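Chain by chain, the residues run as shown.
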Amino acid sequence: MKDHIVVLTGAGISAESGLSTFRDNGGLWEKHSVYDVATPAAFARNPELVLRFYNERRSQLKTVQPNSAHRALATLEQSHRVTIITQNVDDLHERAGSSEVIHLHGELTKARSSKWADHIYDIGYRPIELGEHCEFGTQLRPHVVWFGEEVPMIEVAADIVPAADLLLIVGTSLQVYPAAGLVDLVGAGVPVTVIDPGETAGVSRAHVIRKGACEGVAEWIGCLARNDLTD
Ligand code: BV8
């Protein structure tokens, strides 16, 4: 039976495609306070600013491409079952060819009713305008999980991590919960690897590849091919 690889990704894997991370120098949260653009209260207070924040990111997403780390993880599906659990709202894993992607924090290419969360619409890379309503007459909003909002996919993800034969964590500061708590659910004796050029929150007994995503994922896949991943 093929090994089941679970990969938890964050903004760092998309950094090498040109998308800003959140907490690095020059990151998104340096330019905007979370409380002005990524909470329900922010949307109620200033919907134009919030819609503009996501419209800018969505239109940038259209101009960038998946990088070799995204592509290598997609290729891995030829030999393994690979589940990507991503905190990212970009579509780069899908565009690279990954077929099992769980978006914990939503998707930039989707909009939803600001009243009925299960009315979700594919919008691609186009903007959401103020005054644009769902079929039930309420304002459309980004299909993104804001701070203080429930993470509907966390239970699905929490069922998958304990089943992992290998856990790979790429490009996340592990500062946001409940997503970050997933790493604690990995089975005993399962090899865990962190790929990140920066200092990250301690992941117990993880092997760390202190490199960027593209170089680090290539190195990790080399270790996998040599069966050189130990817990
Ligand atoms: C909730 C979508 C409750 C928006 C995002 C304890 C338990 C539960 C909740 C909390 C808790 N403590 C605090 C909370 C509240 C809060 C939280 O965690 N706050 C933090 C700041 C302390 N959590 C929430 O509000 C969550 N909801 O708890 O709801 C509830 C329950 C029931 C009913 C109602 C309510 C919801 C959180 C989701 C927020 N939305 N994103 C958007 O994208 O605009 S979070 C956002 O930041 C991302 O999605 C991501 O998840 C998160 C972290 O970002 P990272 O991806 O890690 O990026 P970061 O910049 O931080 O790090 C980048 C990393 O990459 C770095 O390590 C860097 O070194 C590395 N890197 C850089 N370059 C490279 C690289 N790596 C590789 N290669 C490179 N080249």
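Residues numbered from 1 in each chain as written. Predicted model: local features only at pLDDT ≥ 70, side-chain atom pairs only at ≥ 80, totals over all residues. Heavy atoms only, no water.

**Some words on the pairing of strand β2 (residues 81–86)**
No. 1: Buried residues dominate β2, accounting for 5 of its 6 residues.
No. 2: Looking at chain direction, strand β1 (residues 4–9) and β2 are connected through 6 bridges and run parallel. Considered in β2, the bridge of Ile5 is made with Val82.
No. 3: For β2 and strand β3 (residues 101–103), the ladder comprises 3 bridges, and the chain directions are parallel. Opposite Ile85, over in β3, you have Ile102 as the bridge partner. (Buried < 20%, exposed > 50% of the residue type's maximum accessible area, 1.4 Å probe, protein only. Helix = DSSP H or I, 4+ residues; strand = E, 2+ residues; numbered from the N terminus. Pairing = 2+ DSSP bridges.)

**Topic: the site of the ligand**
No. 1: The immediate surroundings of the ligand are formed by 34 residues, with Glu16, Arg23, Arg57, Ser173 and Asp196 found nearest.
No. 2: Separating an oxygen atom of the ligand from a side-chain N or O atom of Tyr54 is a distance of 2.8 Å.
No. 3: One nitrogen or oxygen atom from the main chain of Glu149 is found 2.7 Å from a nitrogen atom belonging to the ligand.
No. 4: Mapped onto the shell around the ligand, the elements with two or more residues apiece are α1 (11–15) and α5 (47–61).
No. 5: Classifying every residue of the shell around the ligand gives 14 nonpolar, 13 polar and 7 charged. (Near = heavy atom within 4 Å. Polar contact = N/O pair within 3.5 Å; in protein donor to acceptor, adjacent residues only side chain to side chain. Nonpolar A, V, L, I, M, F, W, Y, C, P; charged D, E, K, R; others polar.)

**As for the packing of aromatic side chains**
No. 1: Applying the stated rule across the entire model yields 4 aromatic pairs.
No. 2: Arranged with centres 6.2 Å apart and planes meeting at 45°, the rings of Tyr54 and Trp146 form a pair that is tilted. With a gap of 92 residues between them, Tyr54 in helix α5 and Trp146 in the loop between β6 (140–144) and α8 (154–160) connect regions that are remote in the sequence.
No. 3: Tyr54 gets classed as buried once you look at its relative accessible area, which sits at 2%.
No. 4: An aromatic cluster is built from Phe43, Phe53, Tyr54 and Trp146, whose rings are joined through pairwise contacts.
No. 5: Over the aromatic face of Trp146 sits the side chain of Arg141, whose NZ or CZ is 3.8 Å from the ring centroid. (Phe/Tyr/Trp six-rings, centres within 6.5 Å; stacked < 30°, edge-to-face > 60°. Lys NZ or Arg CZ within 6 Å of the ring centre and 35° of its normal.)

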